[in-house]
Amino acid sequence: MKTNLIPLVCFVLLSAFADAQSTPRTPMLADRIRMIQVNHALLEDLLDHGIRLSDTDTHLGRAAECRKALVTIGGEVNRTVEQPAADLDRLSELADQMTQLTTEGLLPTLEAARAQIRAGSPGAEKLAKIETQTSDDLQTLLTGLTLDPRLNRNETLRIALDRLRSTLPSVKPVEK
Amino acid sequence: MTTTCRSIELQLTGLPDPAVPTEDLRAHLGECDPCRKYLAGLRRLDAIVSSLPVPAADPLVKDAFLAGLPALPPIIERRLIPVRSGSDSYAALTRRVASARSWIGAGTAAALILGAGLYFGTSDTRPQAQAAAFRHELLAKEVATLATLTKATTPKEKIAVWTVFLNDLHAEAKLLARGGEVSEMQALSRMYKKAATDGLAKQACLLPHHWTPAQRREALAAAEAELAAAETQATIQADLAPGQAKVIFQAIAGSAKDARARLQQAIRGEAF
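Because the structure is predicted, anything quoted here is derived from the model rather than measured. (Residues numbered from 1 in each chain as written. Chains lettered and ligands numbered in written order. Predicted model: local features only at pLDDT ≥ 70, side-chain atom pairs only at ≥ 80, totals over all residues. Heavy atoms only, no water.)

Digging into the overall build of chain A
The helix and strand inventory of chain A stands at seven helices and zero strands. Shown N-terminal to C-terminal, the secondary structure of chain A runs as helices and strands in the order α-α-α-α-α-α-α. Buried positions account for 43% of the 176 residues belonging to chain A. Look at the contacts in chain A between residues 6 or more apart in sequence, and 70% of them connect residues 24 or more apart. Looking at chain A as shown, the accessible area adds up to about 9400 Å², and 58% of this sits on carbon and sulfur atoms. (Helix = DSSP H or I, 4+ residues; strand = E, 2+ residues; numbered from the N terminus. Buried < 20%, exposed > 50% of the residue type's maximum accessible area, 1.4 Å probe, protein only. Contact = heavy atoms within 4.5 Å. Areas by Shrake-Rupley, 256 points an atom, 1.4 Å probe, with all protein chains shown as cover.)

Some details on the side chain of Glu-142 of chain B
Looking at where Glu-142 of chain B falls in the secondary structure, it is placed in helix H7 (residues 137-151). Within the buried set, Glu-142 of chain B has no salt-bridge partner at all; the shortest N-O distance to an opposite charge, 9.3 Å, is to Lys-194 of chain B. When near neighbours in sequence (up to four residues on either side) are disregarded, Glu-142 of chain B contacts Leu-43, Leu-46 and Leu-47 of chain A together with Phe-165 and Met-191 of chain B. (Lys, Arg positive; Asp, Glu negative; His and termini not counted. Salt bridge = Lys/Arg side-chain N within 4 Å of Asp/Glu carboxyl O.)

Focus on the packing of helix H10 (residues 213-240) of chain B against helix H11 (residues 243-268) of chain B
Residues and elements named next belong to chain B. Viewed as axis vectors pointing N to C, H10 and H11 meet at an angle of 165 degrees, and their least axial separation amounts to 8 Å. In this view, H10 runs roughly antiparallel relative to H11, as classed from their interaxial angle. In terms of crossing hand, the pair formed by H10 and H11 is left-handed. A per-class count over the contact of H10 with H11 returns 16 nonpolar, four polar and nine charged. (Axes fitted to C-alpha atoms, helices over the stretch in contact; angles between N-to-C directions. Parallel < 35°, antiparallel > 145°, perpendicular 65-115°, else oblique. Left-handed = near helix turned anticlockwise from the far one by under 90°. Nonpolar A, V, L, I, M, F, W, Y, C, P; charged D, E, K, R; others polar.)

Comments concerning the environment of Ala-245 of chain B
Looking at where Ala-245 of chain B falls in the secondary structure, it is placed in helix H11. With relative accessibility at 4%, the residue Ala-245 of chain B sits in the buried group.

Some points on the environment of Ser-189 of chain B
All names here are of chain B. Tracing the chain through its elements places Ser-189 in helix H9 (residues 182-205). We classify Ser-189 as buried; its relative accessible area is 11%. In sequence terms Ser-189 and Ala-251 are 62 residues apart; their C-alpha atoms lie 6.5 Å from each other. With residues near it in sequence (within four places) discarded, Ser-189 still touches Ile-248, Ala-251 and Ile-252.

Written as structure tokens, this is what we have:
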């Protein structure tokens, strides 16, 4: 009877060792289908933002639309948090997407707008409004997430939120 | 054609699915017309090969193989191990078995402790690995599309972005057809239509009015080739796909065809 345990023990050992490896798993078909089930409404909303971004000719207009896209992802973050068992992996993913959109889309566009717009012009006022709104939106979202006791024990989420927080000084630079 | 392009062609040919080039290949494809055309050709070839019928196995060969199996020797053989002289009493045998059992018990305990140690000792790396595995690729690509569109200033730049995104949507539809729900497939086909019409085709109409048809053709060549490949692929996929997936691929083929017609109008200057 006990001799039958040898293969079992070897299997347990091997499984534990394989499971302990940090190589990321490739999502299976079922995972990918589940992801599109969860995200399809968000994907459609973001596409609408993409079309409006595509239709807009000015830096300011695109920065404003990009902010709205961030608000849409932020809304999805809030909906995820409101669920009784918040999916922390999804929250980290959404936070990382917000960081990417901010750093690769919004910040370079705000930079281009700042270089183009003269101080005191109507454009400068609009630019300041976009900067303030974006900064306030992100700050409100981050504060809410940081205060939620269910969320602050997750290391991956904490790192994702820190990355998003690190964009704030560039969104609304401190006036000299 | 440069040496880089030859290397890129080799890498494109080696892709498991030509509809999904890797990030570094996409970067090159974004700025190289010949490589985009090469990829479009690969996709057409892939669609045609996928549609080829698989010949049925010869039943006689299968029967002969199965009939021959019982005549083969067993994979695992039972062997009797003779007891050595001098220790052939029952008591000696029992002592040896008891000793072996105690070693097995100790080995099992050690293995379980080691296994548990490995599992819990390395558990801090698990959240990152799992989170990385469950990121939604299409969502990431869409956010990257939005980021690029936020920076893009000319219709030509925006056309290139939409062309890549349409390809991403088509690839996702292909995947979803293998087991997704109807509502999600419909959402993807709606997105494809919107991106093709309100994204790509609309920007084609916004190319500078003073451009000649030749300049417009050059600017739209890659997008047109992608749409033609998508139309061909989706038509073949519609023929092969079951039930609702068939309708979705028909819709994608139709959207690609309409958008391509609008691109051709834009090239002729009729859309202005």
